[in-house]
2 protein chains.
Amino acid sequence: MASPLEKARKNPDSMKAKILTTARNLFGEYGYHGTTTRMIAQKVGIDISTLYYHWGEKKDLYDAVMADLNHELRQKIDEVQNMSIEGESPTNRLELAIDVMSDFLFSQPDSSNLILHGYFSRTRDSGPDDETPEYISHIAYAMGLAMDKSSVSVEAKALVMAVCNSIFTFVSGENFIKPMLEVDAEQYRKVVKDTLKFIIIPAVTRAKIKKEDKN
Amino acid sequence: MASPLEKARKNPDSMKAKILTTARNLFGEYGYHGTTTRMIAQKVGIDISTLYYHWGEKKDLYDAVMADLNHELRQKIDEVQNMSIEGESPTNRLELAIDVMSDFLFSQPDSSNLILHGYFSRTRDSGPDDETPEYISHIAYAMGLAMDKSSVSVEAKALVMAVCNSIFTFVSGENFIKPMLEVDAEQYRKVVKDTLKFIIIPAVTRAKIKKEDKN
DNA sequence: TAATAATTCCATCATATGTTGGAAGCTGGT
DNA sequence: ACCAGCTTCCAACATATGATGGAATTATTA
């Protein structure tokens, strides 16, 4: 029962996959309505009907892009989570996680754009999409903010959301924020990482202490 | 030399002003390409050409909306800044600022949407818009993170950006995040404020200490 | 190699969308 | 009552956009 999406992921050279990648870039940059099927087809270098042949309606292609993105993010989060589990202090592990996650998102800013788009851009054809990813609880657990994944407190989830959103906005808003800070691209990435660490690490530490006080 | 925008602000009952307000709501909800001039005209209850009579091209109307929003935000920030300047501890002042600013933005989520849209949504007709608001330095100064408004460190600006973006995403992403936290609207706003305070206040305190160490 | 299936492109359609000209209505002053 | 100017609407246009049928081409299999 391999979905068309899974098939496309398996062979990145396939036309289906090429279209998916290009569509992600453009949807990320211009949003759903800002991207036309012709733009996608042209960038791939194919006729527009070839695109329809592979993915059908525009909305279906968009949904596939979002599903693919969610899948990839989940994978990356798992990867980061399983990275150097033992032998490191919680602080070091958090710093590493921030570094890796930041590098990953900076390497493909369209992904962050898409996520933020999904937050609030209504699609006019369809209502709000409440396919809420569940990995927030996983992250909270990995940060040591909960005893088990199924019972994460509201406060812990909110803290994780704040962290994630900070990264997303810093990545998505690079072209906007960078000139405000008057730094170049390399410095920007460093400042972002440092700021995130500066904010998050002590906050997580205090949240853990708070949690333990309750027990 | 009153610009058309200023004139429209003066009389909120004027057609120009009504169009501006409606346009802001729709641009905020659906984005630039997701909003059609007909949608705006219909919601105002006028013919589409009346809209063009008052504001001209769609892009001009959008620019007016953004300029209006920036103006309003600047005003609000000044207001919060001048609120209870003396007699309160820095912590209390920050808490108050967060409460007031959050309430304000939650009362009109479209504003936060528009700002985030401006971060990354390319308009396809025009390149990135680098009209970077300058009030970040003001906020940093008000928080006590700089000696004067003209020489705010990169770190301080980045910290302020992180704070602002957190608020924006929490407000814009309410419909997305709220179900994840499994809370109702009232609780959501409280959790957001508490999370922001939890993160920001200690961070600002530490940033100030760091700044003073350098001197 | 012949037959079948999968893929790609050309031409086209219906609708959506930005935009405008001009007629009609309204308002205030004379 | 008349006029001038401002405002609003109706009708229309050109282009953009999502979508499709069918021919042509390429790959697959027997």
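Since the model is a prediction, treat every value here as computed from it, not as a measurement.

> What should I look at first to understand the nonpolar core in this one?
A general feature of soluble globular proteins is that nonpolar side chains tend to end up buried together. Ranked by size, the top nonpolar core spans 145 residues in total, and within it Leu 61 of chain A together with Leu 61 of chain B carry the most contacts. With sequence-adjacent residues up to four places away left out, Leu 61 of chain B is seen in contact with Ile 19, Leu 20, Ala 23, Phe 27, Ile 40, Leu 51 and Trp 55 of chain B.

> Can you help me understand the packing of aromatic side chains in this one?
Here a ring pair, both rings aromatic, is described through the centre-centre distance and the interplanar angle of the planes. All names here are of chain A. For the coordinates displayed, the defined rule picks out eight aromatic pairs over all chains. With centroids separated by 5.0 Å and ring planes inclined at 85°, the aromatic side chains of Phe 27 and Tyr 62 adopt a geometry described as edge-to-face. Pair noted here: Phe 27 is in helix α2 (residues 15–34) and Tyr 62 is in helix α5 (residues 58–82), with a separation of 35 residues, a long-range link. Both residues of the pair, Phe 27 and Tyr 62, belong to the buried class. Between Tyr 32 and Tyr 62, the aromatic rings sit 5.0 Å apart at their centres with planes inclined by 70°, giving edge-to-face as the arrangement. Within this pair, whereas Tyr 32 is found in helix α2, its partner Tyr 62 is found in helix α5, the two being separated by 30 residues in sequence. The residues Tyr 32 and Tyr 62 share a single accessibility class, namely buried. Taken together, the ring pairs in this structure connect Phe 27, Tyr 32 and Tyr 62 into an aromatic cluster. Taking the ring centre of Trp 55 as reference, the NZ or CZ of Lys 16 above it sits at 4.4 Å.

> Would you take a moment to explain the packing of α2 of chain A against helix α7 (residues 109–120) of chain A for this structure?
All names here are of chain A. For the pair α2 and α7, the least separation of the axes is 8 Å and the interaxial angle reads 55°. By the angle between their directions, the pair α2 and α7 is classed as oblique. Two packed elements cross with a definite hand, and for α2 against α7 that hand is left-handed. Across the interface between the two elements, Arg 24, Asn 25, Phe 27, Gly 28, Glu 29 and Gly 31 of α2 pack against Asp 110, Ser 111, Asn 113, Leu 114 and His 117 of α7. Partitioned by chemical class, the residues of the contact of α2 with α7 number two nonpolar, six polar and three charged.

> I tried to follow the interface of chain B and chain A on my own but got confused; where do I start?
The extent of an interface is frequently quoted as the accessible surface area lost upon association of the parts. Counting residues at the interface gives 49 residues for chain B and 49 residues for chain A. Looking only at chain B, the three residues that lose the most surface to chain A are Phe 120, Phe 176 and Phe 198 of chain B, adding up to 15% of its buried area. If you look at where chain B meets chain A, you find two salt bridges. For Glu 182 of chain B, the salt bridge is made with Lys 157 of chain A, and the minimal N-O distance between the two is 3.3 Å. Among the secondary structure elements, those contributing two or more residues to the side of chain B that touches chain A are α2 (15–34), α7 (109–120), α9 (154–172), α10 (174–181) and α11 (185–214) of chain B. It is α9 of chain B that contributes the most residues to the side of chain B that touches chain A, 11 residues altogether. The class makeup of the residues in the side of chain B that touches chain A is 25 nonpolar, 16 polar and eight charged.

Rules behind the numbers
Residues numbered from 1 in each chain as written. Chains lettered and ligands numbered in written order. Predicted model: local features only at pLDDT ≥ 70, side-chain atom pairs only at ≥ 80, totals over all residues. Heavy atoms only, no water. Core = buried A, V, L, I, M, F, W, Y, C linked by side-chain atoms within 4.5 Å. Buried < 20%, exposed > 50% of the residue type's maximum accessible area, 1.4 Å probe, protein only. Contact = heavy atoms within 4.5 Å. Phe/Tyr/Trp six-rings, centres within 6.5 Å; stacked < 30°, edge-to-face > 60°. Helix = DSSP H or I, 4+ residues; strand = E, 2+ residues; numbered from the N terminus. Lys NZ or Arg CZ within 6 Å of the ring centre and 35° of its normal. Axes fitted to C-alpha atoms, helices over the stretch in contact; angles between N-to-C directions. Parallel < 35°, antiparallel > 145°, perpendicular 65-115°, else oblique. Left-handed = near helix turned anticlockwise from the far one by under 90°. Nonpolar A, V, L, I, M, F, W, Y, C, P; charged D, E, K, R; others polar. Buried area = accessible area lost by both parts, 1.4 Å probe. Salt bridge = Lys/Arg side-chain N within 4 Å of Asp/Glu carboxyl O.

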